[in-house]
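Now for the letters of each chain:
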Amino acid sequence: MNDKVLESYIKAGKIASDARNRSRDLVKPGKSLLEIAENIENFIRDSGGAVAFPINISLNNIGAHYTPVKDEILIIKDTDIVKIDIGVHVDGYIGDTAYTGFFDERYRELCDASRLALEAALELCRPGVKLSKISLVIEDTIKSLGFKPVSNLTGHGLERYNLHAEPQIPNVKFSGEYVIKEDQVLALEPFATDGMGMIKESDQVMIFMLIGKKPVRNSDARTVINFAKRFGGLPFSERWIPLDSRIKIRFALRELREKGILYDYPVLKEAGGGMISQFEHTVIVRDEPIITTL
Ligand SMILES: [Co+2]
């Protein structure tokens, strides 16, 4: 990795970390999800970064991929646990970080489980370590606190303008010989739950990504394509689309999904209705691991 690339990763990580810390003051009972999302995404842009994916604000049994819509009505309650997942890029180099906020002490241990699993896993991000060892320590740490890792949500590699590069990093043990290498960039994100230990897709979708090119006749659909091209293949939010009505937006998105032009990220919910906690950092694999989002 050359100095320019390293510098971009460090800068993206720092802005993501600042955005995460800033969000801690906003994530409070009575606050609206829409207000939090707009505040944090604007902060990222004002700090000289670009938003690498719409801020995910996933409550309770939702594991990921919830981001407010234009007419969002959800307000945080004091019984909620709130996962905030933030992505920032600088010239395509991404920092990805998440934490879980809670207001009721009964969720402390659930949140500790994914936080401590992340801390233990980060220690292992050195050249030559087997990926399976990282997954094992995540599973063991979460189980030692009496919870289950979410088996079908994984950490992931990061590459320029690629949010889900190889390798996938399971949060449960597996057997495999894959070894991590110096300068690989990894986003580790343990998820812990008191439910079944699996997520399933719901039929709600708020996050999309452009994946294909095909002619479309509908002018609103063309507006969405032209808008989506700005993101260089990174995901975008329905909320950002510059069309004046949500009906037009939904209609255009449906056409593009059906034609295979858009990929969608459905809201993911715990299969047994359990609560989910998540913590995440981005790390550059080195003998002394560089955690860019610390
Ligand atoms: Co991630």
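Note that this is a predicted model, so its numbers are computed, not measured.

Draft legend 1. Representation of the coordination of the cobalt ion in the model. Distances from the cobalt ion to its protein donors, Asp96 (OD), His156 (NE2), Glu189 (OE) and Glu280 (OE), fall at 2.1 to 2.4 Å. Each of the four donor atoms bound to the cobalt ion contributes to angles spanning 79 to 171 degrees, and the resulting shape is irregular. The sequence motif formed by the donor residues of the cobalt ion is D-x59-H-x32-E-x90-E. With a gap of 184 residues between them, Asp96 in strand E4 (residues 93–102) and Glu280 in the loop between strand E13 (276–278) and strand E14 (281–284) connect regions that are remote in the sequence.

Draft legend 2. Representation of the sheet that holds strand E9 (residues 191–193). Taken together, three strands build an open sheet; the order of strands is E5-E9-E13 and the sheet is antiparallel. Across the chains shown, the open sheet's two edge strands, defined by having one partner strand only, are strand E5 (148–149) and E13. As judged from the three bridges shared by E9 and E13, these two strands associate in the antiparallel manner. Bridging across to E13, Ala192 finds its partner in Ser277. Each of E9 and E13 is contacted by helix H3 (residues 108–122), which is oriented at about 40 degrees to E13, the strand it contacts most.

Rules and cut-offs
Residues numbered from 1 in each chain as written. Predicted model: local features only at pLDDT ≥ 70, side-chain atom pairs only at ≥ 80, totals over all residues. Heavy atoms only, no water. Donors = N, O, S within 2.8 Å, 3.2 Å for Na, K, Ca; no water. Tetrahedral: all angles 85-135°; square planar, octahedral: opposite > 155°, others 65-115°. Helix = DSSP H or I, 4+ residues; strand = E, 2+ residues; numbered from the N terminus. Pairing = 2+ DSSP bridges. Contact = heavy atoms within 4.5 Å. Axes fitted to C-alpha atoms, helices over the stretch in contact; angles between N-to-C directions.

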